[in-house]
Every structure is written in C-alpha cells, then in structure tokens.
Amino acid sequence: MRKNMKANKGFTLIELLIVIAVIAILAAIAIPNLLSSRKAANESSAISSLRTLVSAQETFRARSASHLYASSLTGANTVALFVADGDAANLIDPVLATGIKSGYTFSAPVSTDAFANTYGFTAAPTTVGSSGDRFFSVDQTGVIRAGSAAVAVGAGTPIQ
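So, a few notes on the structure that sits alongside this text. (Residues numbered from 1 in each chain as written. Predicted model: local features only at pLDDT ≥ 70, side-chain atom pairs only at ≥ 80, totals over all residues. Heavy atoms only, no water.)

What the chain contains, in helices and strands, is four helices and ten strands. The order of α-helices and β-strands along the chain, N terminus first, is α-α-β-α-β-β-α-β-β-β-β-β-β-β. Across the 160 residues of the chain, 31% fall into the buried class. Sequence-distant contacts, at least 24 apart, represent 47% of the contacts inside the chain between residues at least 6 apart. Carbon and sulfur atoms make up 62% of the accessible area of the chain, which totals about 9900 Å². (Helix = DSSP H or I, 4+ residues; strand = E, 2+ residues; numbered from the N terminus. Buried < 20%, exposed > 50% of the residue type's maximum accessible area, 1.4 Å probe, protein only. Contact = heavy atoms within 4.5 Å. Areas by Shrake-Rupley, 256 points an atom, 1.4 Å probe, with all protein chains shown as cover.)

Shown next as structure tokens:
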C-alpha cells in the first residue's frame, strides 16, 4: 500500500485552495495601490500639461507683434500655439491640443476676442475618483492651484 501512495504525487485540494486564497489576498492589497498610483500619475501629468500651456502662452506672447495671449484653449491650439504669424509654432503637443490628456480635460474661459491680456486654463479629471481626485487651474501669473472640487481660474490652493 505504501508503494501506491508514493506513486500519487501532486497537490491536494486544500493546498490549491490555500494558494488561491493567498493570491486573492495579494490582489486585494495590490489593486488599490495600483489605482492610486495611476491617479497620482494622471495628476502629475495634468500639472505638467498646465506648465506646458503656460510656457506656450508666454512664448506666443513674446513672438507675436501684439504681445497678447491667445484667448481660449481652442484658439490657443489652432491659431496661436500651432500657427503664429503664418509660421508653425508647435508649442504644444497634438494630444494636449485635443483638450484631453492622461485622464484630464483641459479648458480655458472662452473669450470673444481673438487675443487677450490675460489667460487661464483649468484641468478637471474626466472621471472623478478614477482618473484623478484633484482639479487644477492656472492663470498668467503661472501659479498652479488645486482643489477637491472644480477650481476657478485664480482660485484654489497653490501647489508646490
């Protein structure tokens, strides 16, 4: 009888259930951390994109004959930040030009003027709680501000 027992090598059902339980516990710990890391990465990307928009606006203002800013995100992308005085400026990337990047939606207050003395951009998570938790804004001062709800341009807590 002992010879038959040694011939049956393998895992018992209990051992397999223990392995599955350990894997489930590890997944329950790892998945929330992965999601919070993704949100943090999206928020960092949004802040970086706002910095890019500020730099693009300042570069456009320095290049333009009128020394004024583009008045809206759409105008900034299609008129000012890609084509300045008939020359291709290419100051922002095409993904950011769509207004949606890395789980955030970027917008600017719409103005009827083609160009303005001031500007502002906002960044809001496309899905609050999933793609990001914080909202951001920036204006011509270059100070990026954050808040837990929609942030008006010039309002919110400055980030460091």
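The next thing to look at is the sheet that holds strand S5 (residues 104-107). Read across the open sheet, the six strands follow the order S4-S5-S7-S8-S9-S10; overall the sheet is antiparallel. Here the strands that pair on one side only, and so sit at the sheet edges, are strand S4 (100-101) and strand S10 (157-158). Judged from the four bridges that link them, strand S8 (residues 135-139) and strand S9 (residues 144-147) form a sheet pairing that is antiparallel. Across the sheet, residue Phe136 finds its bridge partner in S9, namely Ala146. Its contacts with the sheet place helix H2 (residues 13-63) against S4, S5, strand S7 (120-125), S8 and S9, and it is angled at close to 15° to S8. (Pairing = 2+ DSSP bridges. Axes fitted to C-alpha atoms, helices over the stretch in contact; angles between N-to-C directions.)

For the rest of this paragraph, the subject is the packing of aromatic side chains. Applying the stated criterion across every chain yields a total of three aromatic pairs. For the pair Tyr104 and Phe136, a centre-to-centre distance of 5.9 Å together with 45° between the ring planes defines the contact as tilted. Of this pair, Tyr104 sits in strand S5 while Phe136 sits in strand S8; the two residues are 32 residues apart in sequence, bridging distant segments of the chain. Each member of the pair, Tyr104 as well as Phe136, carries the same accessibility label: buried. Judged by centre distance (5.6 Å) and plane angle (55°), the ring pair of Tyr119 and Phe121 falls under tilted. Neither residue differs from the other here; Tyr119 and Phe121 are each classed as buried. Members of the aromatic cluster, joined through ring pairs, are Tyr69, Tyr119 and Phe121. (Phe/Tyr/Trp six-rings, centres within 6.5 Å; stacked < 30°, edge-to-face > 60°.)

With respect to the helices and strands, the residue Phe106 is situated in strand S5. Separated by 15 residues in sequence, Phe106 and Phe121 have C-alpha atoms that sit 6.8 Å apart.

Here the focus is a nonpolar patch on the surface. Residues Ile14, Ile18, Val22 and Leu26 make up a contiguous nonpolar surface patch of about 390 Å² in total accessible area. Considering the arrangement of structural elements, one finds Val22 in helix H2. (Patch = residues over 30% accessible without salt bridge, like charges linked within 9 Å, V, L, I, M, F, W, Y side chains within 5 Å. Salt bridge = Lys/Arg side-chain N within 4 Å of Asp/Glu carboxyl O.)

In terms of burial, S8 is largely enclosed, as five of its five residues are buried. The alternating pattern of S8 places Phe135, Ser137 and Asp139 and Phe136 and Val138 on opposite faces, both of which are buried. The antiparallel pairing of S8 with S9 creates a hairpin that spans four residues between the two strands, and Gly142 there sits at a positive phi of about 85°.

What follows concerns the pattern of salt bridges. A pair can form between side chains of opposite charge whenever their charged atoms are brought close. A full pass over the atoms with the stated rule returns three salt bridges. The shortest N-O distance in the salt bridge between Asp133 and Lys39 comes to 3.2 Å. Of this pair, Asp133 sits in the loop between S7 and S8 while Lys39 sits in helix H2; the two residues are 94 residues apart in sequence, bridging distant segments of the chain. Residue class for Asp133 comes out partly exposed when judged on its relative accessible area of 36%. You can call Lys39 buried: its relative accessible area is 19%.

Shape descriptors only; they carry no functional weight alone.
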